[in-house]
Amino acid sequence: MRVAVVNMPTVFADHNANMSTARNYIKLASKEDAKLIVFPEFFNTGFAVSPSLLEAVKQTQNIEDELANLSVTHQIAIGGSYLHYDSFSNNIYNVFGLFFPNGARYFHRKDIPTALENFCYTYGDEQSAFDTPLGRIGIVMCWEQLRYQTVRRMAGKVDFLI
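To start, this report covers the structure provided alongside it. Counting of residues starts from 1 at the beginning of each chain's written sequence and follows it residue by residue. Side-chain atom pairs in this predicted model are given and counted only at pLDDT of 80 or more, local residue features only at pLDDT of at least 70, and totals for whole chains, interfaces and linings cover all residues. With hydrogens and water excluded, all non-hydrogen atoms of the structure serve as input to the side-chain values.

Re the overall build of the protein chain
And step 1. Regarding its fold elements, the protein chain presents four helices and eight strands.
And step 2. Put simply, DSSP H or I for four residues or longer makes a helix, DSSP E for two residues or longer makes a strand, and each gets a number counted from the N terminus. Along its sequence from the N terminus, the protein chain presents helices and strands in the succession β-α-β-α-α-β-β-β-β-β-α-β.
And step 3. Each radius of gyration is computed over the set of C-alpha atoms, and the globule rule expresses the reference value as 2.2 Å times the number of residues to the power 0.38. For 162 residues, the compact-globule formula gives about 15 Å, and the C-alpha radius of gyration of the protein chain, at 15 Å, lands near that figure.
And step 4. For the C-alpha atoms alone, the extent of the protein chain along its principal axes is close to 40 × 40 × 30 Å.
And step 5. Looking at the 162 residues of the protein chain, the share that counts as buried comes to 47%.
And step 6. The long-range fraction of contacts in the protein chain, counting pairs at least 24 apart against all pairs at least 6 apart in sequence, stands at 61%.
And step 7. Calculation of accessible area relied on Shrake-Rupley with a 1.4 Å probe; when residues are assessed, cover is drawn exclusively from the protein chains displayed. Working note: accessible area of the protein chain is about 8100 Å², and carbon and sulfur atoms make up 51% of it.
And step 8. For the protein chain, the distance from the average position of its 14 positive side-chain charges to the average position of its 16 negative side-chain charges is 4 Å. Note on classification: 1.4 Å probe, protein chains only; a residue is buried when its accessible area is under 20% of the maximum for its type, exposed when over 50%, partly exposed between these limits. Working rule for contacts: check all heavy atoms of both residues, and any pair within 4.5 Å makes them a contact. Asp and Glu are treated as the negative residues and Lys and Arg as the positive ones, with His and the ends of the chain left uncounted. By convention, charge coordinates are those of NZ in Lys, CZ in Arg, CG in Asp, or CD in Glu.

Here you go:
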C-alpha cells in the first residue's frame, strides 16, 4: 500500500492557510495513487502556548467535515491530528481523525496531554485501535508511542500504526 506522510510547515493559528497547504498535499498524494495520507500533530494550527491558539481552535469547528469531504473528493484516506473544541463540555482535545472515501470516520483523543500541552487541551481516551477499510490501524500520538499502556491496549489488535 502506498502511504504519503507529510511534514509540513504551519502558519501559527491560521487554519485557512494550513488547510490550503494540506489540500495541495492531498491532491498530490492522490495523483501519485497513495491510499492514505497522514498529517502531523496540530497540522491545521501549529502549536504554541498562546491564547491566540485557543481562539483559533474555537473557530475551526468544521475540520472534520473538511477532511471527510476531501477524502471523498480525492478518493484517499486522510489522517491527521488537530485540536478540537467540544462546545458541549467546553473542553479542547487533541484528536487524530482518520477519514475514508466511503464515509467512514475514526477518532482517537490523545490520552494524556504532555508537558506544555496541558495549557491547551485535556485528557482524551484510550480508544486507539480501529478496524478500518485499510485494515486494523492503531493510532499513537507523541508520547503515547513511549508508554507501555499504549502498547498493552493495542497488542494483537492492529496490523500497523500511524
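Describing the pattern of salt bridges
And step 1. Salt bridges, as used here, are contacts in which a Lys or Arg side-chain nitrogen is within 4 Å of a carboxyl oxygen on Asp or Glu. The tally for this structure, following the rule as stated, stands at eight salt bridges.
And step 2. A salt bridge links Glu66 to Arg23, with the shortest nitrogen-to-oxygen separation between them at 3.8 Å. One end of the pair, Glu66, is in helix H3 (residues 63–74); the other, Arg23, is in helix H1 (residues 15–31), with 43 residues separating them in the sequence.
And step 3. Classification of Arg23 by relative accessible area gives partly exposed; the value is 31%.
And step 4. Between Lys110 and Glu117 there is a salt bridge whose closest N-O contact spans 2.8 Å. Each member of the pair Lys110 and Glu117 is classed as buried.

Structural notes on the environment of Pro40
And step 1. Of note, Pro40 is situated in the loop between strand S2 (36–38) and helix H2 (51–58).
And step 2. When its relative accessible area of 24% is taken as the criterion, Pro40 is described as partly exposed.
And step 3. Apart from the residues lying within four places of it in its own chain, the contact partners of Pro40 are Val6, Met8 and Ser81.

Remarks on the pairing of strand S3 (residues 77–86)
And step 1. Among the 10 residues in S3, 10 count as buried, and that is most of the element.
And step 2. Residue alternation in S3 divides its side chains into two sets, Ala77, Gly79, Ser81, Leu83 and Tyr85 and Ile78, Gly80, Tyr82, His84 and Asp86, and both sets are buried.
And step 3. When DSSP finds two or more bridges between two strands, those strands count as paired. With three bridges joining them, S2 and S3 adopt parallel strand pairing. Within S3, the residue paired with Val38 across the bridge is Gly79.
And step 4. Between S3 and strand S4 (residues 91–99), which follow one another and run antiparallel, lie four residues, and Asn90 among them has a positive phi close to 60 degrees.

Structural measurements only, silent on function.
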